[in-house]
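For reference, the chains in residue letters:
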Amino acid sequence: DVAALKAALLAIPTRSGFAGDGMCLSQDHLGNGPDLGYRTDEVARKFPAIDAQYLSSRGWVNGSDDDPNRTWILGLNWLTLVGEPFLSRMGGVASITDGLPSEITWEKGNETVLFQIGDRPITGEAGLDDALLPLYFELGARLQPPGDVTPSRKYPRPVFVNTLQDEGVDWDRRFY
């Protein structure tokens, strides 16, 4: 029930959030290394619209919630929730929504805006839903942080377990 989900998300006072398809990762899954024969980051690159992070890696640097250089929205997916202080830092709702393609809808709650890309989540796999993936880049271009701030190489956060820092930053910025 997408309508009920969206209503519930809009009722939650939050800074940012998203929903869509994701990988089910247990906290003890290493997900990396040649001896394991499986690399989380390789799977994620094949399916760029799928969330591939552990919950413990979801946040930014503790204690820097109000530092615009060190914190930003948590990511972008099929449903993307953006609240304050990010809405103001992006110039307000109109600066994000003016001229959006009709396939990207949005609803305003009391404290947040909920963006929806298409009628269902996609994986981003090449050859499937190719017409929808550019919409993720369109919304990402409007939600990206100003300049080379978080996510950045100066202020990285862990994304994939045991991955190289630059790969994690590239993944965080993939739709920007």
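Here, every reference points to the structure presented above.
Within every chain, residues take consecutive numbers counted from 1 along the sequence as written. The predicted nature of this model means local features are confined to residues of pLDDT at least 70 and side-chain atom pairs, given and counted, to a pLDDT of 80 or more, with totals for whole chains, interfaces and linings taken over all residues. Note that the side-chain values use all heavy atoms of the structure and ignore hydrogens as well as water.

1. Notes on the overall build of the protein chain
Rules: Strands are runs of DSSP state E lasting at least 2 residues, helices are runs of H or I lasting at least 4, and numbering of each runs from the N terminus. Classification of residues uses two cut-offs on accessible area relative to the type maximum, computed with a 1.4 Å probe and protein chains only: under 20% is buried, over 50% is exposed, and between them is partly exposed. Note on contacts: a residue pair is in contact if any heavy atoms of the two residues lie within 4.5 Å. All accessible areas in this document rest on Shrake-Rupley with a 1.4 Å probe, and a residue is counted as covered only by the protein chains that are shown.
Scanning the protein chain from N- to C-terminus turns up six helices and four strands. Helices and strands in the protein chain line up, N terminus first, as α-β-α-β-α-α-β-β-α-α. Within the protein chain, buried positions represent 45% of all 176 residues. Taking contacts inside the protein chain between residues at least 6 apart in sequence as the whole, the part at least 24 apart equals 70%. Counting only carbon and sulfur atoms, one obtains 54% of the accessible surface of the protein chain, whose full area is about 8900 Å².

2. Considerations on unusual backbone geometry
With the exception of glycine, most residues fall at negative phi, and the peptide bonds are largely trans. Between glutamate 84 and proline 85 the backbone carries a cis peptide bond, its omega angle lying at 10 degrees. Residue placement: proline 85 occurs in the loop between strand 2 (79–83) and helix 3 (86–89). In this model, aspartate 129 sits at a positive phi of 55 degrees, which is unusual for a non-glycine residue. Note on placement: aspartate 129 falls in the loop between strand 4 (112–117) and helix 5 (133–143). Using a relative accessible area of 26% as the deciding quantity, one classes aspartate 129 as partly exposed.

3. Description of the nonpolar core
How we decide: For this analysis, a nonpolar core means a set of buried residues of the types Ala, Val, Leu, Ile, Met, Phe, Trp, Tyr and Cys, connected via side-chain atoms within 4.5 Å.
Ranked by size, the top nonpolar core spans 29 residues in total, and within it Val82, Met90, Phe115, Tyr136 and Leu143 carry the most contacts. Mapped by element, the contributors of at least two residues to this core are helix 1 (2–11), strand 2, helix 3, helix 4 (93–97), strand 4 and helix 5. No other element matches helix 5, which puts five residues into this core.

4. Some words on the packing of aromatic side chains
Just so we agree on the cut-off: Under the pairing criterion, centres of Phe, Tyr and Trp rings, with the six-membered ring standing for Trp, must be within 6.5 Å; the plane angle then separates stacked pairs below 30 degrees from edge-to-face pairs above 60, leaving the rest tilted.
With the rule as written, the count across this model stands at three aromatic pairs. On the numbers, 5.5 Å between centres and 40 degrees between planes, the contact of tyrosine 136 with phenylalanine 175 is tilted. Taken as a pair, tyrosine 136 in helix 5 and phenylalanine 175 in the segment after helix 6 (165–172) lie far apart in primary sequence, 39 residues in all. One aromatic cluster is present, built from ring pairs that chain together Tyr136, Phe137 and Phe175.

5. Considering the sheet that holds strand 4
Definition in use: Strand pairing requires that DSSP identify at least two bridges connecting the strands. Here an axis means a line fitted to C-alpha atoms, over the contact stretch when the element is a helix, while the angle between two N-to-C directions is reported on a 0 to 180 degree scale.
Reading across the sheet, the four strands line up as 1-2-4-3 and stay open at both edges, with antiparallel pairing between neighbours. One side of each edge strand has no neighbouring strand; the edge strands of this open sheet are strand 1 (16–19) and strand 3 (104–108). Recorded for the sheet is a direction-independent mean angle of 15 degrees between the axes of neighbouring strands. Sitting on the sheet, helix 1 touches strand 2, strand 3 and strand 4, and the angle it makes with strand 4 is about 150 degrees. Sitting on the sheet, helix 5 touches strand 2, strand 3 and strand 4, and the angle it makes with strand 4 is about 155 degrees.

6. Observations regarding the pattern of salt bridges
To keep things clear, this is the line we draw: By definition here, a salt bridge exists when the distance from a side-chain nitrogen of Lys or Arg to a carboxyl oxygen of Asp or Glu is within 4 Å.
Going through the model one piece at a time under the given rule, you end up with four salt bridges. Measuring nitrogen to oxygen at the nearest pair gives 2.8 Å for the salt bridge that ties glutamate 107 to lysine 6. Here glutamate 107 is found in strand 3, whereas its partner lysine 6 is found in helix 1, with 101 residues between them in sequence. Residue glutamate 107 is classed as partly exposed on the basis of its relative accessible area of 34%. The buried category is assigned to lysine 6, whose relative accessible area is 12%. For aspartate 129, the salt bridge identified is with arginine 120, shortest N-O distance 2.8 Å.

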